[in-house]
Amino acid sequence: MNDDIFEIGGKKLSSRLFIGTGKYASDSMIPKVCKSTGACVITVALRRVDFNAITDNVMQHIPSHMQLMPNTSGARTSDEAIRIARLARATGCGNWIKIEVITDNKYLLPDGYQTAKATEVLTKEGFAVFPYINPDLYVARDLVNAGAVAIMPLGAPIGTNRGIRTEEMINILIDDIDLPIIVDAGIGKPSHACQAMEAGADACLVNTAIATSDNPVLMGKAFADAVHAGRNAFLAKMGVTRQMASASSPLTGFIHNIDEGQE
Amino acid sequence: MSFYSVLEQYQDLDMEKVIGAINQHSVLRSLNKNTLAIEDFAALISQAAVSCLEQIAQKSHDITRRYFGNTIHLFTPMYLSNYCNNRCLYCGFNHDAQIERYQMTLDEVENEAKVIASTGLKHILILTGDAPKKASISYIQSCCDVLKQYFSSISIEIYALDKKEYEILIESGVDGLTIYQETYNKDLYDRLHPTGPKKNYQFRLNAPQRGAEAGMRNVTIGTLLGLDSWRKDIFFTVLHASWLEKNYPETEISIALPRIRPYYGCYQPEYQVSDQDMVQMIIAIRLFLPRCGITISTRERESFRNNTIKLGVTKMSAGSTTAVGGHSLSNVHHNQFEISDKRSVEQMATYLEQNNIQPLFKDWERF
């Protein structure tokens, strides 16, 4: 029985692993990964959804119990992101929206300024906004003020699978920002997700590493286990790590000897 | 600043010689780097890299999978008009070609759109010859008004425009520009384009930049492989793509790799480009420009296209015809060039699915 419930955006979630819908060899894999991960939240790029599709449509493969988190991938300005969010809600995808505004196609890094602008507008319209950002404290504070429900800092650039390269910056957000921190992008291995959760992240979003593995169902399970393990370790408050082993002949031991001698 | 000034810096260099002098040690060093410089790209397309093709291919496959997933983006061309004022020696639509000229009416464009849309495709590439008095900007705008009802993304492959004209078409719903330099060899370009507006090398060379400045979301460049030594032309294509990527980071830059497939009666290319050469350029591009789209057209054989899917290619045309109104008109007009892979969209999608690749029909729409 999982009693570690994650409350966010008006929902109670039993899993802290968020998953995606992109990059699968077949969308028919999506329900299987939903099942193997036990995830409750799934993000979907609205630009790829064809609501009038005569061919297969990704939405048909998302189990009805999943909380949809449409994303604005492809948006290059706050205005585009806002239009995508409105369309998502108008087409029945709910009021959760992950804001992705990427103005640099070379590195695929999010634009904090455009993201904050879109967040400000959309929260006023009643959206639960999940902004994807570089782990920048000032941008995160702007997003808090703009009414975001969580902050989604990247661990490394999208698709790189390079792990939590921005660890120090993410730790600052975890310490300083009073919103849930959901680490997104760059997580390439279950151990990376575990590392983020151990550090106190509230959740992780993983797509590429699951979707492009040879066995997405099994990899999804591995990530779910890693997120769970990392979360438990965080809750259990891990022992203090040391740079050096405890010396068997401590340099300051004589102090105690002197004290004892004086007694 | 334009790419032309970058190109001028290379004018005294014999790139074929430079690439030819690269040794295997340089290739291995480039292969093992995470971030490659243009010199590394030169190493990967060198003769010395041929013995490392499998290693490069494995790395290319991994990078492609990370950034693009197990997907291939499908689209198809729609030829609107074959009137042309150019005399490009290699082109079936050139001004002197004894072919029937035709330009679709808007009703015909709509019928053509219906047939293509019925295959599920949402991305269309529209083409015309270079005859602005016939296939004018306003005609293309009217076509876009029709096509917007059927497709979520419209790209153009037409004559080079100025920035203002690109802006007008973007306003009409166009979001992608495909324009080939054909060859970066200026002297050869001059010979291949004896007369016509396309003769202006520099105006064409800077067209992708003008498109990006105007706000095109996607810009695809390329050369017609076989016109010049492929190593030279692909080197400059990639240099150009990399320059565009750096200067217009909001624009998604892609490279298409059309190869002349010689057949009886057509232009006979001076240079041969083998399948191995094609593979080498695909995988080298992927290592140098990890996020760059790479397109392989239906000019290529079915079996070859199938084999390139896992190497680094991200976009493919399918169900193609190179004739005006080729999908719907009963009196099909002349083709610009011969299609080799004649599979329908459905057949292409089925093949991809059977090989664990998801065919992407839609990747953007006008929000």
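Please read these numbers as outputs of a predicted model, since none were measured by experiment. (Residues numbered from 1 in each chain as written. Chains lettered and ligands numbered in written order. Predicted model: local features only at pLDDT ≥ 70, side-chain atom pairs only at ≥ 80, totals over all residues.)

*Asks:* Looking at this structure, how should I read the overall build of chain B?
*Replies:* Helix and strand counts for chain B stand at 15 helices and 9 strands. Scaling as 2.2 N^0.38, a compact globule of 367 residues should have a C-alpha radius of gyration of about 21 Å, and chain B matches this with 20 Å. Seen through its C-alpha atoms, chain B measures out along the principal axes to roughly 60 × 45 × 45 Å. A buried classification covers 53% of the 367 residues belonging to chain B. (Helix = DSSP H or I, 4+ residues; strand = E, 2+ residues; numbered from the N terminus. Rg over C-alpha atoms; globule rule 2.2 N^0.38 Å. Buried ≥ 20, exposed ≤ 12 C-beta atoms within 10 Å, placed from the backbone.)

*Asks:* I would appreciate a short explanation of the overall build of chain A in the present structure.
*Replies:* What chain A contains, in helices and strands, is 9 helices and 10 strands. Once the C-alpha set of chain A is aligned to its principal axes, its extents read approximately 90 × 40 × 35 Å. The burial tally for chain A puts 48% of its 263 residues in the buried class. Taking all contacts inside chain A whose residues are at least 6 apart in sequence as the whole, residues at least 24 apart take part in 63%. (Contact = placed C-beta atoms within 7 Å.)

*Asks:* Help me out: how do you make sense of the interface of chain B and chain A in this one?
*Replies:* Accessible area lost during the coming together of the parts is what is often quoted as the interface size. Taken together, the contact pairs 25 residues of chain B with 29 residues of chain A. Broken down by secondary-structure element, the contributors of at least two residues to the side of chain B that touches chain A are helix H5 (53-68) and strand S9 (358-360) of chain B. At 3 residues, H5(B) tops the list of elements feeding residues into the side of chain B that touches chain A. Each residue belonging to the side of chain B that touches chain A can be placed in one class, and the counts come to 7 nonpolar, 7 polar and 11 charged. (Nonpolar A, V, L, I, M, F, W, Y, C, P; charged D, E, K, R; others polar.)

*Asks:* Please clarify how the environment of B:Gly69 should be interpreted in this entry.
*Replies:* Relative to the elements of secondary structure, B:Gly69 occurs in the loop between H5 and strand S1 (71-79). On the basis of neighbour count, B:Gly69 is assigned to the buried category, with 22 C-beta atoms found within 10 Å. Expressed as a C-alpha distance, the spacing of B:Gly69 and B:Arg191, which sit 122 residues apart in the sequence, is 42 Å. When residues no more than four places from it in sequence are discounted, the contact partners of B:Gly69 are A:Gly22, A:Lys23, A:Tyr24, A:Ala211 and A:Thr212.

*Asks:* Just to check I follow, could you spell out the packing of helix H12 (residues 230-247) of chain B against helix H13 (residues 275-288) of chain B for this structure?
*Replies:* A pair of packed helices is captured by two measures, namely the crossing angle of their axes and the spacing between those axes. Residue and element names in this part refer to chain B. Contact geometry of H12 with H13 gives a least axis separation of 11 Å together with a crossing angle of 25°. What the angle tells us is that H12 and H13 run roughly parallel. Here the hand of the crossing between H12 and H13 comes out right-handed. Contacts from Trp230, Ile234 and Val238 of H12 reach H13 at Asp277, Met281, Ile285 and Phe288. Broken down by class, the residue content of the contact of H12 with H13 amounts to 6 nonpolar, no polar and 1 charged. (Axes fitted to C-alpha atoms, helices over the stretch in contact; angles between N-to-C directions. Parallel < 35°, antiparallel > 145°, perpendicular 65-115°, else oblique. Left-handed = near helix turned anticlockwise from the far one by under 90°.)

*Asks:* In this structure, what is going on with the pairing of strand S7 (residues 293-296) of chain B? I would like to understand it.
*Replies:* Side-chain positions along a regular strand alternate between the two faces of the sheet. Residue and element names in this part refer to chain B. What you see with S7 is no split at all: Gly293 and Thr295 on one side and Ile294 and Ile296 on the other are buried throughout. Where strand S6 (residues 252-256) and S7 come together, 3 bridges link them in parallel fashion. Along S7, the bridge assignment pairs Ala256 with Thr295. In the sheet, S7 pairs with strand S8 (residues 315-317) via 2 bridges, with the strands oriented parallel. Bridging across to S8, Thr295 finds its partner in Lys315. Of the crossover connections in this fold, the one passing from S7 over helix H14 (residues 302-308) to the parallel S8 is right-handed. (Pairing = 2+ DSSP bridges. Right-handed = clockwise from strand over helix to strand, strands pointing away.)

*Asks:* In this structure, what is going on with the confidence of the model for chain B? I would like to understand it.
*Replies:* Regions with low pLDDT should not have their predicted coordinates read in detail. Averaged over every residue, the pLDDT of chain B is 92; the share at 70 or more is 98%. As a predicted assembly, this complex carries a pTM of 0.87 together with an ipTM value of 0.76. (pLDDT = per-residue confidence, 0-100.)

*Asks:* Explanation requested: the packing of helix H7 (residues 137-147) of chain B against helix H8 (residues 163-171) of chain B in the structure shown.
*Replies:* Residue and element names in this part refer to chain B. Where H7 contacts H8, the two axes come as close as 9 Å, and the packing angle between them is 20°. It follows from the interaxial angle that H7 and H8 lie roughly parallel. The handedness of the crossing between H7 and H8 comes out as right-handed. Within the contact between the two elements, H7 uses Ile137, Ile140 and Gln141 and H8 uses Glu165, Ile168 and Leu169. When its residues are assigned to classes, the contact of H7 with H8 shows 4 nonpolar, 1 polar and 1 charged.

*Asks:* Looking at this structure, I do not really get the nonpolar core. What am I missing?
*Replies:* Soluble globular proteins tend to bury their nonpolar side chains together. Counting residues in each nonpolar core, the largest one holds 103 residues, and the members touching the most others are B:Ile45, B:Leu74, B:Leu80, B:Ile124, B:Ala284 and B:Ile285. A per-element tally of this core places H13(B) first, with 9 residues. Every residue in contact with B:Ile124, bar those within four places of it in the chain, is listed here: B:Phe75, B:Thr76, B:Met78, B:Ile116, B:Leu147, B:Phe151 and B:Ile154. Formed by 74 residues, the second largest nonpolar core is a distinct cluster that contains A:Met29, A:Val44, A:Trp96 and A:Val183. (Core = buried A, V, L, I, M, F, W, Y, C linked by C-beta atoms within 7 Å.)

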